[in-house]
Amino acid sequence: MRIELAGLPGDPSRPNEDFVSAVLPSSGRGGALVLLDGVTPPPDGDDGCVHSVAWFTARLGGALVELCAARREMSLRACLAEAIVRTAAAHGDGCDLAHRRTPQATVVLARWDGTRVEHLVLSDSVLLVEAADGAVTAVLDDRIARLAARGPVTDAQRNAEGGFFTAAADPAVVSRAVTGVLPRAEVRALAALSDGASRWVEVFRAGDWAQCLGLLAKSGPSALIDRVRAAELADPQCAAFRRGKAHDDASAVYVEL
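Residues numbered from 1 in each chain as written. Predicted model: local features only at pLDDT ≥ 70, side-chain atom pairs only at ≥ 80, totals over all residues. Heavy atoms only, no water.

## Observations concerning the overall build of the protein
Counting its secondary structure elements, the protein contains six helices and 10 strands. Principal axes of the C-alpha set define a box for the protein whose edges measure 50 × 45 × 35 Å. Within the protein, the proportion of its 257 residues that are buried is 48%. A separation threshold of at least 6 residues defines the contact pool for the protein, and within that pool the share at least 24 residues apart is 70%. Accessible surface, the protein as shown: approximately 11400 Å² in total, 52% of it carbon and sulfur. Taking the average place of the 27 positive charges on the side chains of the protein and the average place of its 33 negative ones, the gap between the two points comes to 3 Å. (Helix = DSSP H or I, 4+ residues; strand = E, 2+ residues; numbered from the N terminus. Buried < 20%, exposed > 50% of the residue type's maximum accessible area, 1.4 Å probe, protein only. Contact = heavy atoms within 4.5 Å. Areas by Shrake-Rupley, 256 points an atom, 1.4 Å probe, with all protein chains shown as cover. Lys, Arg positive; Asp, Glu negative; His and termini not counted. Charge placed at Lys NZ, Arg CZ, Asp CG, Glu CD.)

Structure representation (structure tokens):
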């Protein structure tokens with residue numbers, strides 16, 4: 001088994017708000033990956049919380065690693081719900097967890113053993129699945145993309161009916177996640193990308209998802225992120241390629257099963 005991961009902050013003066021991890025249990029018969037993309041707070045800092053987004057993704061990600069690896073009797077939805085509950089409890093009384101901008105994150109989870117591969121995707125991070133025959137499928141929660149096709153995406157649509165959903169403080173959000181299970185024999189490799197890394201495909205159109213997975217397999221996650229950074233630096237004003245930020249936190253993990 002091969003596992004590689006990398007992450008790079010969009011701004012070197014700020015912490016990377018992504019979280020990425022992959023684990024192999026001591027049994028040696030399976031593993032799990034966790035990728036979170038923390039939602040950057042508003043410029044005025046009004047999120048009702050005394051904690052940073054980086055604090056939130058570290059807490060949520062740490063809980064997910066433990067639960068996905070050690071509590072294999074729990075579904076990935078149940079693991080995410082429990083991790084959200086634990087993280088909400090860690091906030092304390094000084095935080096307004098009902099605030100629409102309370103710290104939150106997109107989520108990609110995958111877990112495998114000798115017989116099957118489970119996955120969960122919530123919001124706009126991406127999971128790539130390479131089949132045994134080499135075909136590549138992108139598992140997407142495309143709510144934000146569908147909203148953006150109709151007009152500007154606003155905070156009023158965040159974690160709201162008819163809008164899009166992220167992991168924040170309400171465990172009920174797990175019902176909105178895209179989930180699935182595949183036979184282990186049908187999966188050759190997995191990759192998870194925060195939207196800062198998936199820009200290579202979704203924003204800069206440098207290749208398709210199969211080519212993206214091929215780059216990860218050949219050169220690793222750092223090479224993909226380096227290419228994203230080069231494309232961003234070539235368009236610093238976001239004139240040729242429209243995007244919300246010139247540079248974004250970028251993280252990726254690649255796993256060959």
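Having seen the model, we can carry on.
## Side note on the layout of surface pockets
Considered as a void within the structure, the largest pocket measures approximately 1200 Å³ in volume. Forming the boundary of the largest pocket are 40 residues, of which D124, I144, D195, G244 and D248 lie nearest the centre. At the level of elements, β3 (31–38), α3 (143–148) and α4 (195–202) are the ones that each hand at least two residues to the lining of the largest pocket. Per-class residue counts for the lining of the largest pocket are 14 nonpolar, eight polar and 18 charged. Space inside the second largest pocket adds up to approximately 270 Å³. Looking at the lining of the second largest pocket residue by residue, the class counts come to seven nonpolar, five polar and four charged. (1 Å grid on protein atoms, 1.4 Å probe; cavity = no way out; pocket = protein on both sides within 12 Å on 5 of 7 lines; lining within 4 Å. Points joined across faces, edges and corners; volume = space filled by probe spheres on them. Nonpolar A, V, L, I, M, F, W, Y, C, P; charged D, E, K, R; others polar.)

## Topic: the packing of α4 against helix α6 (residues 221–233)
Two elements in contact, α4 and α6, have axes whose closest approach is 9 Å; the angle formed by their N-to-C orientations is 70°. Classified by the angle between their axes, α4 and α6 sit roughly perpendicular to one another. Residue-level inspection shows G196, A197, R199 and W200 of α4 in contact with α6, the latter providing L224, R227, V228 and E232. Residues belonging to the contact of α4 with α6 are distributed by class as follows: four nonpolar, one polar and three charged. (Axes fitted to C-alpha atoms, helices over the stretch in contact; angles between N-to-C directions. Parallel < 35°, antiparallel > 145°, perpendicular 65-115°, else oblique.)

## Observations concerning the environment of E130
Mapping E130 onto the fold places it in strand β6 (residues 126–131). E130 gets classed as buried once you look at its relative accessible area, which sits at 13%. Residues E130 and D47, 83 residues apart in the sequence, show an inter-C-alpha distance of 38 Å.

## Some details on the pattern of salt bridges
All chains considered together, the criterion is met by 18 salt bridges. Notably, a salt bridge pairs R188 with E130, separated by 3.2 Å at the nearest N-O pair. Of this pair, R188 sits in strand β9 (residues 187–193) while E130 sits in strand β6, and the two are 58 residues apart along the sequence. A salt bridge links D142 to R146, with the shortest nitrogen-to-oxygen separation between them at 2.9 Å. (Salt bridge = Lys/Arg side-chain N within 4 Å of Asp/Glu carboxyl O.)

## As for the packing of helix α5 (residues 209–219) against α6
Helix-helix packing is characterised by the crossing angle of the two axes and by the distance between the axes. At a closest axis distance of 7 Å, the pairing of α5 and α6 adopts a crossing angle of 125°. The angle between α5 and α6 places the two elements in the oblique class. Every residue of α6 that contacts α5 at C212, L215, L216 and S219 is listed here: P221, A223, L224 and R227. Residues that form the contact of α5 with α6 fall into these classes: six nonpolar, one polar and one charged.

## Observations concerning the environment of S194
For S194, the position within the fold is in the loop between β9 and α4. A C-alpha to C-alpha distance of 9.1 Å links S194 and L127, two positions 67 residues apart in sequence. For S194, the residues in contact, after removing those within four places along its chain, are D18, L35, D37, S125, D249, A250 and S251. A polar atom in the side chain of S194 sits 2.9 Å from the backbone nitrogen of S251. (Polar contact = N/O pair within 3.5 Å; in protein donor to acceptor, adjacent residues only side chain to side chain.)

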